[in-house]
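# Chain and residue survey
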Amino acid sequence: MPRYPLTDLTAAFALALDMLLRVDRDLLEIVGLSLRVSLSAVGLAALIGLPLGAAVALFRFPGRLAVHALLTAFMGLPPVVVGLIVYLLLSRAGPLGVLGLLFTPAAMIIAQCLLITPIIAALSAQTVADLHEEYDEQLRSLAAGPGQTLVTLLWDGRFRLLTAILAGFGRAVAEVGAVMIVGGNINHATRVMTTAIALETSKGNLALALALGIILIALALGVNLAAMAIRDATRARYG
Amino acid sequence: MAEATSILPLRLTSVTLQARGQTLIDGISADLQAAGRSLILGPNGAGKSLLLRLCHGLLRPTAGRIDWAGGNGERVRRRQAMVFQDPVLLRRSAAANIRYPLHLRGIPRGERQAAVDEALAHAGLGAVADRPARVLSGGEQQRLAIARAWVTRPEVLFLDEPTSNLDPAATRAIEELILAVARAGTKIVMTTHDLGQARRLADEILFLHHGRLLERTAAADFFAAPRTAEAAAFLKGDLLC
Ligand SMILES: Nc1ncnc2c1ncn2[C@@H]1O[C@H](COP(=O)(O)OP(=O)(O)OP(=O)(O)O)[C@@H](O)[C@H]1O
Ligand SMILES: [Mg+2]
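In what follows, the accompanying structure is described. All values derive from a computational prediction rather than experimental measurement.

## So, the site of ligand 1
Residues and elements named next belong to chain B. Taken together, 14 residues are adjacent to ligand 1, and Asn-44, Gly-45, Lys-48, Ser-49 and Leu-50 come closest. One of the side-chain N or O atoms of Asn-44 is found 2.8 Å from an oxygen atom in ligand 1. Here an oxygen atom of ligand 1 sits 2.9 Å away from a polar atom, N or O, in the main chain of Gly-47. Coverage of ligand 1 by the protein chains reaches 62% of its 630 Å² of free accessible surface. With three residues, helix 1 (residues 48–56) is the single largest residue contributor to the shell around ligand 1. Residue composition of the shell around ligand 1, grouped by class: five nonpolar, six polar and three charged.

## A word on a nonpolar patch on the surface
On the surface, Val-80, Val-81, Ile-85, Leu-89, Leu-96, Val-98 and Leu-99 of chain A cluster together to form a nonpolar patch covering roughly 610 Å² of accessible area. Position of Leu-89 of chain A among the secondary structure elements: in helix 4 (residues 79–90).

## Section: the pattern of salt bridges
Following the criterion strictly, the structure yields 18 salt bridges over all chains and no others. The partner of Glu-134 of chain A in a salt bridge is Arg-91 of chain B, with the nearest N and O atoms 3.4 Å apart. One end of the pair, Glu-134 of chain A, is in helix 5 (residues 105–141); the other, Arg-91 of chain B, is in the loop between strand 5 (80–83) and helix 3 (94–104), on a second chain. Glu-134 of chain A gets classed as partly exposed once you look at its relative accessible area, which sits at 31%. For Arg-91 of chain B, a relative accessible area of 9% gives the class buried. A salt bridge links Glu-175 of chain B to Arg-200 of chain B; the shortest N-O distance between them is 2.7 Å. Here Arg-200 of chain B lies in helix 7 (residues 195–201) and Glu-175 of chain B lies in helix 6 (residues 168–183), a separation of 25 residues in the sequence. By relative accessible area, which is 38% here, Arg-200 of chain B ends up partly exposed. One network of salt bridges, with partners in common, ties together Asp-18, Arg-22 and Asp-24 of chain A.

## A word on the sheet that holds strand 6 (residues 156–160) of chain B
All names here are of chain B. The six strands lie next to each other as 5-6-7-3-8-9, forming an open sheet whose pairing is mixed. Across the chains shown, the open sheet's two edge strands, defined by having one partner strand only, are strand 5 and strand 9 (212–218). Strand-to-strand, the axes of this sheet are offset by a mean angle of 15°, without reference to chain direction. For strand 3 (residues 38–41) and strand 7 (residues 187–191), the ladder comprises three bridges, and the chain directions are parallel. Residue Ile-40 lies in a different strand from strand 7, and its bridge partner there is Thr-191. Strands in contact with helix 9 (residues 229–236) are strand 3, strand 8 (204–209) and strand 9; relative to strand 8, the strand with the most contacts, it is inclined by about 100°.

## Let's talk about the coordination of the magnesium ion (ligand 2)
Protein coordination at the magnesium ion (ligand 2): the donors are Ser-49 of chain B (OG) and Gln-85 of chain B (OE1), at 2.0 to 2.8 Å from the metal. Highlighted residues: Ser-49 of chain B in helix 1 and Gln-85 of chain B in the loop between strand 5 and helix 3, separated in sequence by 36 residues.

## Some words on the interface of chain B and chain A
With 24 residues of chain B at the contact, the number on the chain A side is 20 residues. Taken together, the links from chain B to chain A amount to four salt bridges. Note that Arg-92 of chain B and Asp-156 of chain A form a salt bridge whose closest N and O atoms lie 2.8 Å from each other. Of all elements in the fold, only helix 1, helix 2 (74–78), strand 5 and helix 3 of chain B reach the threshold of two or more residues within the side of chain B that touches chain A. Looking at the side of chain B that touches chain A residue by residue, the classes come out as twelve nonpolar, three polar and nine charged.

## Side note on the side chain of Gln-142 of chain B
All names here are of chain B. Along the chain, the position of Gln-142 falls in helix 5 (residues 138–150). With a relative accessible area of 6%, Gln-142 lands in the buried category. Discounting chain neighbours no more than four positions away, the residues touching Gln-142 are Val-83, Phe-84, Gln-85, Pro-87, Pro-162, Leu-166 and Ile-174.

Parameters and conventions
- Residues numbered from 1 in each chain as written.
- Chains lettered and ligands numbered in written order.
- Predicted model: local features only at pLDDT ≥ 70, side-chain atom pairs only at ≥ 80, totals over all residues.
- Heavy atoms only, no water.
- Near = heavy atom within 4 Å.
- Polar contact = N/O pair within 3.5 Å; in protein donor to acceptor, adjacent residues only side chain to side chain.
- Areas by Shrake-Rupley, 256 points an atom, 1.4 Å probe, with all protein chains shown as cover.
- Helix = DSSP H or I, 4+ residues; strand = E, 2+ residues; numbered from the N terminus.
- Nonpolar A, V, L, I, M, F, W, Y, C, P; charged D, E, K, R; others polar.
- Patch = residues over 30% accessible without salt bridge, like charges linked within 9 Å, V, L, I, M, F, W, Y side chains within 5 Å.
- Salt bridge = Lys/Arg side-chain N within 4 Å of Asp/Glu carboxyl O.
- Buried < 20%, exposed > 50% of the residue type's maximum accessible area, 1.4 Å probe, protein only.
- Pairing = 2+ DSSP bridges.
- Axes fitted to C-alpha atoms, helices over the stretch in contact; angles between N-to-C directions.
- Contact = heavy atoms within 4.5 Å.
- Donors = N, O, S within 2.8 Å, 3.2 Å for Na, K, Ca; no water.

Here it is as structure tokens:
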């Protein structure tokens, strides 16, 4: 029966802590790219998803129900499938092949953006619909137009929407399938935390994998704590 | 200039509202003139809130007409305001709540602050201007809702039981605010359960029962000698729905 010597694990762990404390350059580069890609993706997804979700919640337009159903269904899209679709679009033979984006951080941003836009849009549709029920008569009485109503509801729902955005970020930064396919996990180019963990673990380089894993968990934890803190603080302040 | 012509009087012609086979507002005809404070009285469920919503344009009558002398559409909408039985305050500061309707109307940023400060002072809310509106006390919230409605200087202000759930001091503050708004030239149309309040504020009474306008009388006459048996019973506290 094969057995991993405990000392190896302890050693890996010690090495991981050492890398974290020394602020290892490779580690820093990977974490930096991860944050750059996922923050860009979440920024883009918010720019698209917030108004889209609000519009779905507020306006009657042809295909509204279909859009809403799609958004909800796409909340749980498998990252590898999104990766595959973006790969096909960006590959040399694909419709967007001329852009030459495949295996660049831009491709990874696009893939993660596609992955989380439905999450942010569906959650903001829900938030905006709830608020609208409460605000509708009052806003009509104050003579707010449709566009003004949309902006008002997004603003007054800002804290709940922030938690939707954090949820999107959490999903983006933790997914591995999409960035692996469209980024290719190229060292010093497209290697992010999740793909590095996958690779280093398979190579037996547990220290780097563990160090990255610790950072990833800390990030996930931080995001959730921030979401909870925002929720509690605003419930107390704004009702 | 368009501003010069009043949107009043408001004319209701056989206004009827039906929902799920029930007649909630039953053929109400009335002219609301610019002069005088009009109070709508009636037991719970009489249709007072619905009538205000119909007048304000939030509901459409299923039959009958509602006509403003000053025309229709956007202009009429922007020159009236309503304070709801449960006002919805925006999740922002008290001052931002008052600024909001000015912003909607495209009042230049530079002109807004003076109007906001004046409205806050007028409503006695200067000290809580920067507090989130939703942590204010019930009385403060109600005054804020009135200040927000009044900051655009509407020609007509509809108020739906603006002092329900308030203590006597807060009620008095609201009544003084309403009287000041009326003195500044805004037509007041409001509902109340408080007969003392109706005596203090009303120039005329519209008495509603089961969705029908049973009588419309000068306030002094209404309290001295109501013309209908229902109104008499209501004044004695004997009329239940
Ligand atoms: N959307 C609706 N659908 C069906 N019935 C309604 C609706 N809104 C109100 N009603 C009914 O219409 C009647 C009048 O309601 P309204 O709120 O105008 O009463 P009110 O005179 O304001 O009463 P209160 O003094 O309790 O505020 C009530 O019986 C109510 O149940
Ligand atoms: Mg009512």
